[in-house]
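The lines below spell out each chain.
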Amino acid sequence: MRELRNVVERAVLLSEGSVLTEEDFSMLRRRDGPPTGVTLPLAGTSLEAMERDLVVQALERTGWNQTRAAVLLGLNRDQIRYRIEKFGLKR
């Protein structure tokens, strides 16, 4: 029951409209294999820099709404706040 509540809450937070549609539940679609779009460069990368970049992208995409940004990253509000402080991010 808690998992269903979490899915619905996530859909509500990320929804652009006033009515939830099938697209609002796209996170339920089955994905085979690793996430697309993420490839480790041959020379390597800094995981810290990558994490910071993802947090900044999520915050910018949501107009710095910490709750919605956290949902985009699969985090809770405390976890996103921790990362904002950790990286010294300011609006």
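Residues numbered from 1 in each chain as written. Predicted model: local features only at pLDDT ≥ 70, side-chain atom pairs only at ≥ 80, totals over all residues. Heavy atoms only, no water.

Q: What exactly am I supposed to notice about the environment of arginine 10 here?
A: Within the element layout of this structure, arginine 10 appears in helix α1 (residues 2-14). Looking at arginine 10, the relative accessible area reads 28%, which means it is partly exposed. Between the C-alpha atom of arginine 10 and that of glutamine 79, which follows or precedes it by 69 residues, the distance is 16 Å. Among all residues touching arginine 10, those that are not within four sequence positions of it are Met27, Val71 and Leu72. (Helix = DSSP H or I, 4+ residues; strand = E, 2+ residues; numbered from the N terminus. Buried < 20%, exposed > 50% of the residue type's maximum accessible area, 1.4 Å probe, protein only. Contact = heavy atoms within 4.5 Å.)

Q: Would you explain the environment of aspartate 53 in this entry?
A: Tracing the backbone through its elements, the reader meets aspartate 53 in helix α2 (residues 47-61). Separated by 49 residues in sequence, aspartate 53 and leucine 4 place their C-alpha atoms 30 Å apart.

Q: Looking at this structure, I do not really get α2. What am I missing?
A: Residues spaced three or four apart along an α-helix point in a common direction, a consequence of the helix completing one turn every 3.6 residues. When the terminal C-alpha atoms of α2 are compared, their 21 Å separation across 15 residues agrees well with the 21 Å that a helix rising 1.5 Å per residue should span. Of the positions making up α2, those classed as buried are Val55, Val56, Ala58 and Leu59. Burial along α2 is one-sided: seen end-on, the buried residues are contained in an arc of 165°. The exposed residues of α2 that point more than 90 degrees off its buried face are Glu60 and Arg61. Buried residues along α2 sit in contact with α3 (66-72) and α4 (77-86). Positioned one or two residues after α2, glycine 63 has a phi angle of 65°, which is positive. (Expected span 1.5 Å × (residues − 1). Arc of directions from axis to C-beta.)

Q: Help me understand the nonpolar core in this model?
A: Nonpolar side chains tend toward joint burial in soluble globular proteins. Counting eleven residues, the largest nonpolar core is built from Val55, Val56, Ala58, Leu59, Ala69, Ala70, Leu75, Ile80, Ile84, Phe87 and Leu89. Secondary-structure elements contributing two or more residues to this core are α2, α3 and α4. Per element, the largest residue contribution to this core is four residues, and it comes from α2. (Core = buried A, V, L, I, M, F, W, Y, C linked by side-chain atoms within 4.5 Å.)

Q: Teacher, can you tell me more about the layout of surface pockets here?
A: Of the volumes computed, that of the largest pocket is approximately 470 Å³. As for the largest pocket, its lining consists of 18 residues, and the residues nearest its centre are Arg10, Leu14, Arg61, Leu72 and Leu73. Every element with two or more residues in the lining of the largest pocket is listed here: α1, α2 and α3. Top contributing element to the lining of the largest pocket by residue count: α2, with four residues. (1 Å grid on protein atoms, 1.4 Å probe; cavity = no way out; pocket = protein on both sides within 12 Å on 5 of 7 lines; lining within 4 Å. Points joined across faces, edges and corners; volume = space filled by probe spheres on them.)

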